[in-house]
Amino acid sequence: MRVTNVRVTPVAVPDVPLANTKGVHQSVFLRSVIEMETDIGLVGLGETYGAARTLAALRRAVPRLDGLDPWNLRDLRRRLEAVLPDAGGVNAPTALADHKAVDVVYSALEMACLDLQGKQIGRPVHDLLGGAVRDRVSFGGYLFFKFAKQDLTLGPDILGEVMTPDALVDEARWMVADHGFRSLKLKGGVLEPDLEIETMLKLREAFPDHPLRIDPMGAWTVPTALRVIDRLSGVLEYLEDPCRGMDAMAELSAQTDMPLATNLVVVEFEEVIEAARRDAVQIVLSDPHYWRGPTGCIHLGEICRASGMKVAMHSNSHLGVSLAAMLHVAAATPNLNYDCDTHYPWTTRDIVVGGQRAFEGGALSVPSGPGLGVELDHDAVADLHALYNRAMVADRDDTNEMLKYLPDFVRKVPRW
Ligand code: GKR
Ligand code: MG
C-alpha cells in the first residue's frame, strides 16, 4: 500500500462565544479534514486544527508524501522533518501555548496512516496502539462562561449569556441532563477568582457526587492560586494550569497537596521530564493532535507512568474524526485516570456518516470497525467547506474576538 494523494479540506463549524482568559471563541471554529489516498483504493482519515499556520504547514507537507508506505511512521516523520525543519508553531501569538508545526502535521497524518493500517488488516486503531483496556470512554462536562452570540449569520447560539455563578450551574444542569456527564470541568480565568470560587462551591452543592475541576489557563499568580486552593480544598479532583509557566507551577506545587494538571506547560516530551524532575505538575493532558499522534499519546502515558504522573485528556473544538482518534487513544491508555475533556457538546454539526454521536451516562463506546471506525459524510464536508469560504475566518484569534463583546478588553496572563 502506497500513498498516492493527500487531500486537505479546511472546514468551518458554527461555534458559540465560549470565554477563556485570553478571549472568546469566534462565530466558527476551524478544522482541517485529511483524506490520504492509496494505490489500493483505501482512504485514511485525519482531522486537525484548521487555522492558517496549520493549513500552510499541511500544504507544504503534502507534496512530500507521494509513495509513502502508511505502515512506515518513521519515514513519515523523516519526510516531515525535512520539509518543516524550523516551521515554528501553529498557534496565534495570543495563544498561551504553542505546538510545533512538525508535530501537529505529523499527528494528523499519523492518524490517517493508522486509519489505513487498520482498514488494510481489518482491525481497529486501538489494536494497533497495543490493545484496548476499556470499551467505553467517560467524558466530563466541559463548562464555559459565555456571552450571548451577537452575530447569528453563521450559526445559532446555545443557551444565551452565562456570566454568573448561578447561570453556570444552570448550564451544568443542562449539560448533565442532556449527556449524563459524571464529572465537570469549568474553563475558568474569566470572572474574578472569588466569583469562580463561588461557582465551584455552587456546583459542588448542586452536584455533590461529581468530581469537579477548574482550568483558569494561567490566569492566577501563585498567591492567588494558593488562596483559591485554600477555599476549594476538598472540592476539586485537580486544578488545571492555575499559573503560567513551569516556574510558577513548580513554585505552587511545592506549597500544596492539590494535584496540578497541565496542557500548557507540558506539551513536549522534554517538558515531561523537566516537570517530573521539578514536581511541577502531577497530571499531564494527552491529545492526539499534538503529542506526535495517537502513538505519541501512548508513549506519553508510559513516560508519565514511569515518572509517577497521571494522564488526562485535553480537547479543543473538534468533529467526529478527532473524536474517534481520542476514543482509540483513551481506550489504549491504561493509566488514563480521569474523564476526558471534550468540546463536542458545544458542536452542532459533524462530518462523519451517522452524524453526531450521543453520550450515554457521559460516555461513548470505542469504535470497533477497521481503522478509526468512521467514514466521511462527503456532503457534510462540502457544506462546512462552503461555510469556511463564506465565513472569511482564516485564523483563531480569541483576543481580537473579545473586543466585540468587551471593547476595553486587554489580554493579561496572569490577570489576578
Ligand atoms: O476552547 O477556549 C477553549 C479552551 O480554552 C481550549 O482552547 C483549551 O485548549 O480547552 C483547552 C484547555 O484545556 O486549556
Ligand atoms: Mg487546559
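Values in this document were obtained by computation on a predicted structure and should not be read as measured data.

*Asks:* Would you mind showing me how to read the site of ligand 1 here?
*Replies:* The local shell around ligand 1 holds 15 residues, among which Asn20, His25, Tyr142, His314 and His343 are the closest. Measuring from an oxygen atom of ligand 1, one finds a side-chain N or O atom of Asn263 at 3.2 Å. In this structure, Asn316 approaches ligand 1 through a side-chain N or O atom, which is 3.0 Å from an oxygen atom. When isolated, ligand 1 has an accessible area of 340 Å², and the protein chains bury 94% of it. Of all the elements in the fold, those that place two or more residues in the shell around ligand 1 are β7 (141–144) and β8 (184–187). In the shell around ligand 1, the residues fall into three nonpolar, seven polar and five charged.

*Asks:* Mind showing me how you'd approach the pattern of salt bridges here?
*Replies:* It is possible for side chains of opposite charge to pair when their charged atoms get near one another. For the structure on display, the rule yields 33 salt bridges. Its salt-bridge partner being Lys187, residue Asp215 comes within 2.6 Å of it at the nearest N-O pair. One end of the pair, Asp215, is in strand β9 (residues 212–215); the other, Lys187, is in strand β8, with 28 residues separating them in the sequence. Judged by relative accessible area, Lys187 falls into the buried class, the value being 5%.

*Asks:* Can you help me understand the domain arrangement of the protein in this one?
*Replies:* Interfaces are often sized by the amount of accessible area the parts lose when they come together. Domain boundaries in the protein define domain 1 (3–124 + 378–391) and domain 2 (128–365). At the junction of the two partners, domain 1 supplies 49 residues and domain 2 supplies 52 residues. Summing the contributions of domain 1 and of domain 2, the shared interface buries around 4,000 Å²; its carbon and sulfur component is 66%. Where domain 1 meets domain 2, there are three salt bridges. Of the charged contacts, one joins Arg349 and Asp383 as a salt bridge, the two residues approaching to 2.8 Å between their closest N and O atoms. In this structure, the connection of domain 1 to domain 2 is made through 17 residue pairs in polar contact (both at pLDDT 80 or more). Residue assignment for the side of domain 1 that touches domain 2 shows that the elements contributing at least two residues are β1 (3–14), β2 (19–20), β4 (28–38), β5 (43–49), α2 (73–83), α3 (101–121) and α12 (378–391).

*Asks:* How should the coordination of the magnesium ion (ligand 2) be read in this particular structure?
*Replies:* Tetrahedral coordination by four donors sets the ideal angle at the metal to 109.5 degrees; octahedral coordination by six donors sets it to 90 or 180 degrees. Protein-derived coordination of the magnesium ion (ligand 2) comes from Asp215 (OD), Glu240 (OE) and Asn263 (OD1), at a distance range of 2.0 to 2.2 Å. Linear spacing of the donor residues for the magnesium ion (ligand 2) on their chain is D-x24-E-x22-N. Of the two residues, Asp215 sits in strand β9 while Glu240 sits in strand β10 (residues 236–240), which places them 25 residues apart along the sequence. The class for Asp215 is buried, based on a relative accessible area of 1%. When its relative accessible area of 1% is taken as the criterion, Glu240 is described as buried.

*Asks:* It is not clear to me how the UniProt feature "domain: Mandelate racemase/muconate lactonizing enzyme C-terminal" (unreviewed entry) in the protein should be interpreted in this structure. Could you clarify?
*Replies:* The positions that UniProt labels "domain: Mandelate racemase/muconate lactonizing enzyme C-terminal" (unreviewed entry) are, in the present scheme, residues 165–259. Along residues 165–259 the backbone is 49% helical and 14% strand, and the end-to-end C-alpha distance reaches 24 Å.

*Asks:* Whenever I open this one, the sheet that holds β9 confuses me. Can you help?
*Replies:* Strand pairing in a sheet is mediated by backbone hydrogen bonds. Such pairs are either parallel or antiparallel. A sheet is described by the order of its strands in space; here seven strands give the open sequence β7-β8-β9-β10-β11-β12-β13, paired in parallel fashion. With one partner strand each, in any of the chains shown, β7 and β13 (310–313) form the two edges of the open sheet. On average, each strand axis in the sheet is tilted by 30° relative to the strand beside it, whichever way the strands run. Pairing geometry for strand β11 (residues 260–262) and strand β12 (residues 283–286), over two bridges, is parallel. Residue pairing across strands places Thr262 opposite Val284, the latter belonging to β12.

Parameters at a glance
- Residues numbered from 1 in each chain as written.
- Chains lettered and ligands numbered in written order.
- Predicted model: local features only at pLDDT ≥ 70, side-chain atom pairs only at ≥ 80, totals over all residues.
- Heavy atoms only, no water.
- Near = heavy atom within 4 Å.
- Polar contact = N/O pair within 3.5 Å; in protein donor to acceptor, adjacent residues only side chain to side chain.
- Areas by Shrake-Rupley, 256 points an atom, 1.4 Å probe, with all protein chains shown as cover.
- Helix = DSSP H or I, 4+ residues; strand = E, 2+ residues; numbered from the N terminus.
- Nonpolar A, V, L, I, M, F, W, Y, C, P; charged D, E, K, R; others polar.
- Salt bridge = Lys/Arg side-chain N within 4 Å of Asp/Glu carboxyl O.
- Buried < 20%, exposed > 50% of the residue type's maximum accessible area, 1.4 Å probe, protein only.
- Domains from an automatic or database assignment.
- Contact = heavy atoms within 4.5 Å.
- Buried area = accessible area lost by both parts, 1.4 Å probe.
- Donors = N, O, S within 2.8 Å, 3.2 Å for Na, K, Ca; no water.
- UniProt positions renumbered as here; feature names shortened; annotations may be inferred.
- Pairing = 2+ DSSP bridges.
- Axes fitted to C-alpha atoms, helices over the stretch in contact; angles between N-to-C directions.

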